[in-house]
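Observations on chain architecture
Single-letter residue listing:
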Amino acid sequence: MFLQDHNKTAFIYDDVHISYRVLMSRVVFYDSLYKIRKGDRVAVLSENRPEWIYAFYSAWKKGGITVPLDFALSVESLTEILKDCSPKVIFCSDKEEETVKKAVKKARLAVKILVFERMAMPTHIEFDDFTIPVSGSMEDLALIMYTSGTTGNPKGVMLTYNNLMASIESLVAMNMLRKNDILIGLLPFYHILPLQGLVVGTCVVGYTVVLVKSLAAEDILKALQKYRVTMFLGVPRLYELFHRGIMTKVNASPVGRVLFALASRIDSLSFSRALFKKVHDSFGGNVHAYLTGGAKMEPRIMDDLWHLGFKMVEGYGSTETAPLIAFNPFEKVKRGSVGIPMAGTSVKIVDDEIVVKGRNVMKGYYNNRRDTDRALRDGWYYTGDTGHIDDEGYLTVTGRKDDIIVLANGENINPEEVELSIMKLSPLVQDIGVTELNGQLAAFVYPNFDMFRKENIINIFETIKVKVIENYNRTAANYRRILHVKIVKDEFPKTRLGKLKRYMLKELLHDKHVRRDYDDEPVFREYAILKKFLREMKGFVPVKTDHLEIDLGLDSLDKVELQTFVERNFGLFLSDEEMASHATVLSMAELIRDGKVRVSNEEFNWGKILLQENTFRLPEGHLRLRGLRSFARLLLHWFFEIRVRGLESIPGNPFILVANHQSYLDVLILLTILPVELLENTYFLMKDNPRRSKILGFLSRGRNIIIVNIDRDLRGSLQKAARVLEKGKNLVIFPEGIRTRTGAMQPFKKLFSILSREFNAPVVPLAIKGAYALMPYGKVLPSRGCIEFIFSEEIYPGKMSYDKLTRKVESHIGAIVEALEGEKIGAKK
C-alpha cells in the first residue's frame, strides 16, 4: 500500500507539521476536484510544496497516471510534452499558470487547469481509508516521467507501481530507509530520485521529510539544526556548493589546512568527524549519511568531503529503473564506486555497456516503440552507460556510451575520464567539457574566477593552457591530448541534477558573443573614455558586461596597453590584483572612477613604454654559445637532412627574425645555420618556463638568451626586448608563443610588430617545415628526415599598423609553409 497512516508527521513545511492522516484527508479533497477515467494522465507542474504531493496521490487514488513536470520548462518544451502525453488535468501554482495556459493552447488540448492558490482547503475532511493502486494490480502504470534531456530528446518513461516498490523494498532490506529517519527535501520532485526518496518512499516506509522553501545556505542549515535531520539526499551539484564553501574556510586558516592534511592522511571517518565537529554541528550534528546520485560525483570532491567527516554514500540508477540499480551499503562504502546491485536486480557488462534486468525496469517509453525496442532487449535494459564490476561485485560507472569520442585514427575516448584527470590538476578549473573537433580533442574550460582573483592572475587563457592543459598533455597518450582550448565565462548547460548536456558543447564551438546595446549603459565620463579606448583597440563597440579577456579578447600585450593608458590618463597604476578583480568593462571603469588622480585623453604610445629607463643590461660574451653551436652542428646535420634557402637575404642592419614554431628542434637548428658573426649579435627571446627541455635550459644560462615572463612582468619583458634593438643587435622571436600542438600554425602575437614599428627595424620572415613531423609535441626523441628553413627578404614596417604588419608576416610565412607542403605532396605523386 503506497499511502497509509503511520500515526506521525509525514512532512514539515514552513514550520507546519502535516501528519500522515492529514495528508490522506487532503488527497481525498484533491480527488474531489476533478473526474478522470482509469489510465488518464494528470500532470503536476510546480515548485516543491505540500499541494504537489496532494495532487500527485489524488491521481493514483482515481487510478490515473501522474506526470510530474519540470516547472522551469519553456512554453515550447512543455507544449511538446503535453502533445505526447495528452493529460486531462494539470495542477500548477500561480507562477506557472501563464506558461501552462500558453502550452495547452499551442497543443490544442482540452485540459482542466487547477491552480493551487485557488483551492480553499476545508478545515476538516472526513474520509474512509483507501488503497493504492485502486485495482490491486502492481503492474498498473503509475507514472510517466520525462527524462532530463541530456541528449536533447526527452522521452516519457513508463513506470509501474511494481517498478517503484522494487527500489524502495531493496533500500529497506539494506537498512538504508528507516521509519525513524528524518530527511531534508531540497531536490525537485519531478526527478525520479527525489520523487522516490522524498514522496513515495516516505509514505511507504513512514519516515518524515522536511521540505525547505528556500535553498539559501543559511535556511538549509537552520532546518538541519532545528529538525534534527538524520539523512541528507542530494546530488553532486549541491555537494559541490557545500564543498566549495567549507574548503574556502578551511584553506583560509593555516590551522585548518594542517588539520585537513592530517585528516586526509589518516583517512578515518570517525576521526575526521571529531576533528571537524564544529562543521558537523552547523549541519545539525545528527546526519549519519549523505546520499548522492543522479549524476557522477567527482572523486576529488567525494574524497575531500569524506576527509571532512561527511559519510558520502553514492548510488547509481536511471529514470528507466525507478531509479536504483546499485548503491553503496552503509557499512561498507567504497569511494569511487556506485556500490553493489540492489536486491533482485541483475547487472552485467555487454561491450562495456551496463545492462540491467529486474522488477525495477520500466515498461518502455510512452508512444515511442523505436526507442523502447532499442533500450529493452531480451528482458534487459541497456543503460547507455559504460562501466565495469570489480572482484567484490562493486560497480563503477565510467561514462556514457553515446558520449564516447571516436577520433580519426579510430581511438575511442571517454570524455569524462579526460575531464576528471584535468580537474584533479588545478583548482583554477571550475568545470570542463571535452569534445571532438576536426578529429582531435577540444576542451571548454569554465575557470574558477574566484581563484584567479585570489592568485592575482590576469592572463586566464595563457594560465589555463600552460599550467593546466599542458600539464595534462605531458603525461597523456598522444591521442588523448587536448589540442584545442576555449575559455567560457558562463557555466555549462546542465540538467537540474547537474548532468552535463554534452550534446550542447559543440554549439559553443561556433558561439559568437552577441553584442547588444543596453538601455542603462553607464554615462559617467571614465566609462565613456575607457569604452572609446577599447573600441579603437578591438575594432567593435564593447558593452558594460563584456569580460576584458574572454569577450573582448585582450591578450597580454593588450593588457599592458590598458594598464599604461589608465596610468597616463587617470594617474592610476593598475596592479595585477586589480586587473584580476575588475575583469569587466563596467567594473574596470568604476575602479578608474573611484581611484583616479586626474583625467586626460592622451594618445597611447608604445615607444614611451619601450624606451622607459630600466636596469636591464644585455649579457655579453659567447663562449658557451660557440661551443654549443659546434656540437649541435655536428650532431644535427648528421642526423637530419637540413635544407636552407634564402640565408643570403638577411640584411646587415639590426633586424627581427620571426619564425613559426614547430618543435624543440627549431632553436637548435637555427643556431647551427646562422653564421657565427651574425649569431654573436643575435638574441633569442625565450619565455620563462621551468619545464622547458634540459638543453634549452642549459642554453638559457648562456649569453644570447633573453628570458621573459609575460605572465608576471610583461612590461619589463617588452623593455628587455627593446634594449636588444636599442643596442643595434638582432632579435629572434617565435610569435606563436608556444610550439604547435597539431602541426598547424597558431595566430601570431603582435610583439614583434610593436618592436619593428617603434625601432623601424625590418622583419625577416623564416618559414620552418618538417620539424613537427620529425619531433611532434609530446615526442621525446626525434625521427630522421628532412627539415627546411626558408628565409625571406626583409619586410619594413613603414606606416603599417601593428595588426596589419602582424597579419602580413603571418600570412607570408603561412603561404611558404603551405607551398612546401604542396611540394611534398607533389613529390609523392
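Note: the structure precedes this text.
Computed from a prediction, not measured in an experiment: that's the story for all the values here.

**So, a nonpolar patch on the surface**
On the surface, a nonpolar cluster with roughly 370 Å² of combined accessible area is contributed by Phe631, Leu635 and Trp638. If you trace the backbone, Trp638 turns up in helix H23 (residues 623–639). Note on Trp638: relative accessible area 58%, which makes it exposed.

**Focus: the pattern of salt bridges**
Within this structure, the stated rule accounts for 44 salt bridges. Note that Glu392 and Lys334 form a salt bridge whose closest N and O atoms lie 2.5 Å from each other. Of the two residues, Glu392 is situated in the loop between strand E20 (380–389) and strand E21 (395–400) and Lys334 in the loop between strand E14 (324–327) and strand E15 (340–341); the sequence distance between them amounts to 58 residues. Taking the relative accessible area as the measure of exposure, Lys334 reaches 24% and is therefore partly exposed. Put simply, Glu47, Arg49, Glu51 and Glu117 are held in one network by salt bridges that share partners.

**Quick notes on the sheet that holds strand E9 (residues 182–185)**
Strands sit in the order E2-E1-E10-E9-E11-E12-E13-E14-E15 across an open sheet of nine strands; the sheet is mixed. Each having just a single partner strand, strand E2 (16–19) and E15 make up the two edges of the open sheet. One ladder, built from two bridges, connects E9 with strand E11 (residues 231–234); its direction is parallel. Note that in E11 the partner of Leu183 across the bridge is Met231. Each of E11, strand E12 (289–292) and strand E13 (312–317) touches helix H8 (residues 236–251); the most contacted strand, E11, lies at about 115° to it.

**Observations regarding helix H3 (residues 75–85)**
Buried residues of H3: Val75, Leu78, Thr79, Ile81, Leu82 and Cys85, and no others. Looking at the buried residues of H3, the elements they touch are strand E3 (41–45), strand E4 (65–68), strand E5 (89–92), helix H4 (97–107) and strand E7 (141–146). Positive phi appears at Ser86, one or two residues downstream of H3, with a value of about 45°.

**Some thoughts on the nonpolar core**
A general feature of soluble globular proteins is that nonpolar side chains tend to end up buried together. Of all hydrophobic cores here, the largest spans 120 residues; its most connected members are Leu23, Tyr57, Trp60, Phe91, Leu143 and Phe232. Counting residues per element, this core draws most heavily on helix H6 (residues 192–205), which supplies nine residues. Contacts of Leu23, omitting those with residues within four sequence positions, involve Leu3, Ala10, Phe11, Ile18, Ile53, Tyr54 and Cys203. Leu618, Val724, Phe748 and Met800 belong to the second-largest nonpolar core, a separate cluster that totals 36 residues.

**Comments concerning the packing of aromatic side chains**
Geometry of an aromatic ring pair is reported as the spacing of the ring centres plus the angle between the planes. If you walk through the whole model with that rule in mind, you get 31 aromatic pairs. Relative to Tyr161, the ring of Phe2 has its centre 5.4 Å away and its plane inclined at 55°; by these criteria the two rings are tilted. With Phe2 in the segment before strand E1 (9–13) and Tyr161 in helix H5 (residues 161–173), this residue pair connects regions lying 159 residues apart in the sequence. Side by side, Phe2 and Tyr161 carry an identical accessibility label, which is buried. Between Phe524 and Tyr527, the aromatic rings sit 6.0 Å apart at their centres with planes inclined by 55°, giving tilted as the arrangement. For Tyr527, a relative accessible area of 2% translates into the label buried. An aromatic cluster of at least three residues, connected via ring pairs, comprises Phe2, Trp52, Phe56, Tyr57, Trp60, Tyr161 and Phe189. Arg739 extends its terminal NZ or CZ atom over the ring of Tyr664, reaching a point 4.0 Å from the ring centre.

**Things to note about the environment of Met231**
Position of Met231 relative to the elements: it lies in strand E11. Judged by relative accessible area, Met231 falls into the buried class, the value being 0%. Spatially, the C-alpha atoms of Met231 and Leu291 are 7.6 Å apart, while their sequence positions differ by 60 residues. Beyond its immediate chain neighbours, meaning those up to four positions away, Met231 contacts Met176, Leu177, Asp181, Ile182, Leu183, Ile184, Val287, His288, Ala289, Leu291 and Phe330.

**What about unusual backbone geometry?**
Cis rather than trans, the peptide bond between Ile132 and Pro133 has omega equal to 5°. By the element assignment, Pro133 lies in the loop between strand E6 (112–115) and E7. Cis geometry marks the peptide bond from Ala322 to Pro323, where omega comes out at -15°. Within the secondary structure, Pro323 is located in the loop between E13 and E14.

**Focus on the environment of Leu668**
Its place among the elements puts Leu668 in helix H24 (residues 665–673). Considered as a pair, Leu668 and Gly778 are 110 residues apart in the sequence and their alpha carbons are 17 Å apart.

**A look at the sheet that holds strand E26 (residues 482–487)**
Within a beta sheet, neighbouring strands are joined by backbone hydrogen bonds and run either parallel or antiparallel to one another. With mixed pairing, the three strands of this open sheet are ordered in space as E24-E25-E26. At either end of the open sheet lies a strand with only one pairing partner, and these are strand E24 (429–437) and E26. For this sheet the average axis-to-axis angle between neighbouring strands, irrespective of direction, equals 25°. Where strand E25 (residues 440–447) and E26 come together, five bridges link them in parallel fashion. Paired with Leu441 across the bridge in E26 is Ile482.

**Some words on the pairing of strand E33 (residues 786–791)**
Across the six residues of E33, five count as buried, placing the element largely inside the fold. Relative to E33, strand E27 (residues 641–645) runs parallel, the two being bridged by five bridges. Its bridge partner lying in E33, Ile642 is registered against Ile787. In the sheet, strand E32 (residues 763–769) pairs with E33 via four bridges, with the strands oriented antiparallel. Pairing of Ile768 across the sheet is with Phe789, part of E33.

**A short note on the state of the cysteines**
All chains considered together, the criterion is met by zero disulfides. In this model Cys85 remains outside any disulfide bridge; the closest cysteine sulfur is found in Cys92, 14 Å from its own.

**Focus: the packing of helix H14 (residues 415–423) against helix H16 (residues 460–475)**
Helix-helix packing: each pair is described by the crossing angle between the helix axes and the interaxial distance. Relative to each other, H14 and H16 sit at 120°, their axes nearing to 9 Å. Relative to H16, the element H14 is oriented oblique. Judged by the twist between their axes, the crossing of H14 over H16 is right-handed. Along the contact surface, H14 presents Val418, Ser421 and Ile422, while H16 presents Val468, Ile469 and Tyr472.

Basis of the calculations
- Residues numbered from 1 in each chain as written.
- Predicted model: local features only at pLDDT ≥ 70, side-chain atom pairs only at ≥ 80, totals over all residues.
- Heavy atoms only, no water.
- Patch = residues over 30% accessible without salt bridge, like charges linked within 9 Å, V, L, I, M, F, W, Y side chains within 5 Å.
- Areas by Shrake-Rupley, 256 points an atom, 1.4 Å probe, with all protein chains shown as cover.
- Salt bridge = Lys/Arg side-chain N within 4 Å of Asp/Glu carboxyl O.
- Helix = DSSP H or I, 4+ residues; strand = E, 2+ residues; numbered from the N terminus.
- Buried < 20%, exposed > 50% of the residue type's maximum accessible area, 1.4 Å probe, protein only.
- Pairing = 2+ DSSP bridges.
- Contact = heavy atoms within 4.5 Å.
- Axes fitted to C-alpha atoms, helices over the stretch in contact; angles between N-to-C directions.
- Core = buried A, V, L, I, M, F, W, Y, C linked by side-chain atoms within 4.5 Å.
- Phe/Tyr/Trp six-rings, centres within 6.5 Å; stacked < 30°, edge-to-face > 60°.
- Lys NZ or Arg CZ within 6 Å of the ring centre and 35° of its normal.
- Disulfide = S-S within 2.5 Å.
- Parallel < 35°, antiparallel > 145°, perpendicular 65-115°, else oblique.
- Left-handed = near helix turned anticlockwise from the far one by under 90°.

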